[in-house]
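Observations on chain architecture
Listed below, chain by chain, are the residues.
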Amino acid sequence: MSRPDRDVMLCRDCCCGTDKHPRTDHDGQRDALLAMDGVAGVRVRVVDCLDQCDRSNVVLVRDFTGGRRPVDTWLGGVLDPRATERVVDWVSEGGELPRELEPHRFGQNRRGR
Ligand code: FES
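Cut-offs and rules
Residues numbered from 1 in each chain as written. Predicted model: local features only at pLDDT ≥ 70, side-chain atom pairs only at ≥ 80, totals over all residues. Heavy atoms only, no water. Salt bridge = Lys/Arg side-chain N within 4 Å of Asp/Glu carboxyl O. Helix = DSSP H or I, 4+ residues; strand = E, 2+ residues; numbered from the N terminus. Buried < 20%, exposed > 50% of the residue type's maximum accessible area, 1.4 Å probe, protein only. Phe/Tyr/Trp six-rings, centres within 6.5 Å; stacked < 30°, edge-to-face > 60°. Pairing = 2+ DSSP bridges. Contact = heavy atoms within 4.5 Å. Axes fitted to C-alpha atoms, helices over the stretch in contact; angles between N-to-C directions.

**Here we look at the pattern of salt bridges**
Summed over the entire model, instances satisfying the criterion amount to nine salt bridges. Residue Asp7 pairs with Arg43 through a salt bridge whose shortest N-O separation is 2.8 Å. Here Asp7, found in strand β1 (residues 6-11), pairs with Arg43, found in strand β2 (residues 42-47); they are 36 residues apart in sequence, far enough to count as distant. In this structure Asp7 comes out as buried when scored by relative accessible area, which is 2%. With a shortest N-O distance of 2.8 Å, Glu100 and Arg82 are connected by a salt bridge. Of this pair, Glu100 sits in the loop between α2 (81-93) and β5 (105-106) while Arg82 sits in helix α2, and the two are 18 residues apart along the sequence.

**Notes on the packing of aromatic side chains**
For the structure shown, the criterion picks out one aromatic pair. Ring plane angle 50 degrees and centroid distance 5.7 Å describe the contact between Trp74 and Phe106, whose orientation is recorded as tilted. A residue pair is termed long-range when its members are at least 10 positions apart, and Trp74 in strand β4 (residues 71-75) and Phe106 in strand β5 qualify at 32 residues. The two residues Trp74 and Phe106 agree in class, both being buried.

**Let's talk about the sheet that holds β5**
As summarised here, the arrangement of the five strands in space is β2-β1-β3-β4-β5, forming an open sheet in which the pairing is mixed. Unpaired on one side and paired on the other, β2 and β5 mark the two borders of the sheet. Of the strands in this sheet, β1, β2 and β3 (59-63) are in contact with helix α1 (residues 26-34), which crosses β2 at around 150 degrees.

**Details of the pairing of β4**
Of all five residues in β4, four are buried, a share of seventy percent or more. Alignment of β3 against β4, held across five bridges, turns out to be antiparallel. For Asp63, the partnering residue across the bridge sits in β4 and is Val71. Across two bridges, the pairing between β4 and β5 is antiparallel. Considered in β5, the bridge of Leu75 is made with Arg105.

Listed below in structure tokens is the structure:
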């Protein structure tokens, strides 16, 4: 795939995807997100620590559809199946972040410039 329309980075390292969140189905979350990879302009990658461990599980969505500069949306506390499902729906369909995911959104860190 050349440059995707949307690039999804699922963090998996020291906090995201670990026993720090023992009730989360981390494998299920990873599989649900990876199922979008290569479909309809979406690329999904599992990445190392995004330096936002306090907000684990972290998902960064980089949207290239709006012009030259990508728009980053940082999501934290993505721990339950419903939130994961909403992320999948939103990334697949595009558009504005659904209201249900707003509580998960946070500002950029130094890697998000
Ligand atoms: S392990 Fe995900 S932000 Fe650090």
